[in-house]
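What follows is the residue order along each chain.
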Amino acid sequence: MENPWWHSGVVYQIYPRSFADADGDGMGDLKGIIRHLDHIAGLGVDVIWLSPIYRSPQDDNGYDISEYQDIDPVFGTLEDFDELLAAVHERGMRLVMDLVVNHSSDEHAWFVESRAGKDSPKRDWYWWRPARAGMEPGTPGAEPNNWGSVFGGSAWEYDPASGEYYLHIFSRKQPDLNWENPEVREAVYAMMNWWLDRGVDGFRMDVIDHISKDTALPDGAVPPGSLYGVGAPHYMNGPRNHEFLHEMHERVFAGRDEMLTVGEMPGVTVEEAIRYTDPARGEVDMVFGFEHVFVDRGPDPWLLYPLQLTKLKAIFGRWQAGLAEVGWNSLYWNNHDQPRVVSRFGDDSPEYRVRSAKMLGAVLHLHRGTPYIYQGEELGMTNAPFATIADFRDIEALGHYAQAVDHEGRSPEDVLTVLRARGRDNARTPMQWDSSPQAGFTTGTPWLAVNPNHTEINAAAAVQDPDSVYHFYRRLIELRHKDPVVVYGDFTMLLPGDEKLYAFTRRHGDAELLVIGNFSGERVRAELADAEAWASAELVLTNAPAPADLELEPWQVVIYRRSA
Ligand code: TEU
């Protein structure tokens, strides 16, 4: 397909649990989303991506699905879903669902049957293994291998009834499906086709680079101070991952050209991304890489490092260059797993919050690729002031805290410092609609506390204020929709060694854009070879008074345009 629609599209992610609660139970729902669709349509976005709304025990907030073809009662019914889908389509937008098929819930009928015994016809639908040779099943260290789970503890759960273990890369309530078994793949494709036939417009595929594993399941290297081995090299981007995604493409997406497919891939390299997104290979349209959100962490994900801008630029530069000819980038700062970007890479103090949020939005949206906005990002929502571990809800935060404090002897205050900066609950505090006591999110008690700064930071105020982050995002989207240089321009990184300025040009035909973002609280002059010429070009968008001689205010961003 030449120039698919999503090249110029912008995606808005909804985390339904935290978006809007229509029935007052403290948890967001589909009717709440329907109520607020005009907020999203008003931004001009093209696609809504919904985090999981399927039936689920909610161990990992819906990323543990017990029935794929139904809606969890917390969120509503299939009728509500159809109403939402129609309302989205009426507004000229599309709806993409979350597809979580690396694992199911342990309460899914497939797993219940698999667990029933070694002779179950579905035994092989999951990864069952006996204890390590020579070890007594169920005793410490007898797990089939040494992998740790992403949420703390072993990646194996012992099942006393059969004397075997099952694999769960995430929580013990998220057993990994065995994609080696063709019946599993057929069942998944049938389910996907069912949703597409119902009218949805594509899928964001959860940890889809985890579906092919090294079937030998070898031990992983054990980092110093850790209790478990790192399994990722053996379960990420495994030997059959491309084959499985190509098969899925054939069985589900062939003949459905308008669908959008996005593979979430925590372990993907740019070289692999080229293969995953090369249209000729028929796998997925784009991937969510993680390199840029791993910029401020080391091999131990639970240590904090300050942002090194040169490193961030090197990563983006490599991805922009790598996918310039073949494939396509997705662009994001935020999602339901990441801390709020204005707190992470910007300055969320009253003085610079709005300005730095706009700068970050502009720098991201002016890259080549499809931008994703996560609910509240368009308001410049910030990280939350979590006081104690009791304020957190996320299984990852609680699992890490228990492992680090109880088993690894780390100090609770140190662990909390990291969770405050990095915890996923930062992204999950309720959407801030207005300044009323629960931010207009619910009339009940919210499942996770509303950020007290909703009195200042909220949608009602932002929509009214022409200088808000919301309207700035709206202008960025408008720019993408009307100017092909934003969509198709080639990308050249400038000043790669500068620790304060993020600068690049985009060129398409005779149009050229210059983007400079100041990632610092100081005034900085951009020392560019043709600075003088640029300074007299058209200033398309900025978030502070127009600069003289490319001398930028703290956290300023400028977008200049000229034609040759
Ligand atoms: O996330 C995959 C993933 O890699 C995250 O666990 C990530 O490593 C972590 O959040 C960083 O803090 C997806 C979903 O987006 C996430 O919400 C789920 O918990 C996870 O898969 C399991 O389904």
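Residues numbered from 1 in each chain as written. Predicted model: local features only at pLDDT ≥ 70, side-chain atom pairs only at ≥ 80, totals over all residues. Heavy atoms only, no water.

Things to note about the environment of Tyr 68
Its place among the elements puts Tyr 68 in strand β4 (residues 67-71). Put simply, Tyr 68 and Asn 145 are 77 residues apart on the chain and 30 Å apart in space, counted from C-alpha to C-alpha. Once you skip the residues sitting within four places of it in the chain, Tyr 68 turns out to touch Tyr 54, Val 100, Val 101, His 103, Ser 104, His 108, Trp 110, Leu 177, Met 191 and Trp 195. Looking at Tyr 68, its side chain comes within polar contact range of the main-chain oxygen of Val 100, at 2.8 Å. (Helix = DSSP H or I, 4+ residues; strand = E, 2+ residues; numbered from the N terminus. Contact = heavy atoms within 4.5 Å. Polar contact = N/O pair within 3.5 Å; in protein donor to acceptor, adjacent residues only side chain to side chain.)

A look at the nonpolar core
Grouped together as the largest cluster of nonpolar side chains are 151 residues, with contacts concentrated most on Leu 50, Phe 81, Met 192, Trp 195, Met 205, Met 248 and Phe 519. With 8 residues, the top contributor of residues to this core is helix α5 (residues 182-198). Excluding residues within four positions of it along the chain, Leu 50 makes contact with Ile 14, Pro 16, Ile 33, Phe 81, Leu 84, Leu 95, Val 96, Met 97 and Asp 98. One finds Trp 127, Ala 131, Ala 142 and Ala 232 within the second-largest nonpolar core, a separate group that totals 16 residues. (Core = buried A, V, L, I, M, F, W, Y, C linked by side-chain atoms within 4.5 Å. Buried < 20%, exposed > 50% of the residue type's maximum accessible area, 1.4 Å probe, protein only.)

Focus on the sheet that holds strand β6 (residues 128-129)
Ordered by their spatial adjacency, 3 strands build an open sheet running β6-β8-β7, and the pairing between neighbours is antiparallel. Looking at the sheet topology across the chains shown, the edges are occupied by β6 and β7 (156-159). Sheet topology note: the β6/strand β8 (residues 164-167) ladder contains 2 bridges and is antiparallel. Its bridge partner lying in β8, Trp 128 is registered against Tyr 166. (Pairing = 2+ DSSP bridges.)

A few points about empty space enclosed by the protein
In the structure shown here, the tally under the stated rule is 3 cavities of 30 Å³ or more. The calculated volume of the largest cavity comes to roughly 130 Å³. Residue lining of the largest cavity: 13 residues in total, with His 292, Phe 316, Trp 319, Asn 329 and Ser 330 positioned closest to the centre. Every element with two or more residues in the lining of the largest cavity is listed here: α9 (309-322) and β12 (330-331). (1 Å grid on protein atoms, 1.4 Å probe; cavity = no way out; pocket = protein on both sides within 12 Å on 5 of 7 lines; lining within 4 Å. Points joined across faces, edges and corners; volume = space filled by probe spheres on them.)

Comments concerning the site of the ligand
Close to the ligand lie 17 residues, the nearest being Asp 60, Asp 206, His 336, Asp 337 and Arg 424. At 3.0 Å from an oxygen atom of the ligand is found a side-chain nitrogen or oxygen belonging to His 103. Arg 204 is positioned with one of its side-chain polar atoms (N or O) 3.1 Å from an oxygen atom of the ligand. Burial of the ligand by the protein chains amounts to 93% of its free accessible area of 490 Å². When the residues that make up the shell around the ligand are grouped by side-chain class, the tally is 6 nonpolar, 3 polar and 8 charged. (Near = heavy atom within 4 Å. Areas by Shrake-Rupley, 256 points an atom, 1.4 Å probe, with all protein chains shown as cover. Nonpolar A, V, L, I, M, F, W, Y, C, P; charged D, E, K, R; others polar.)

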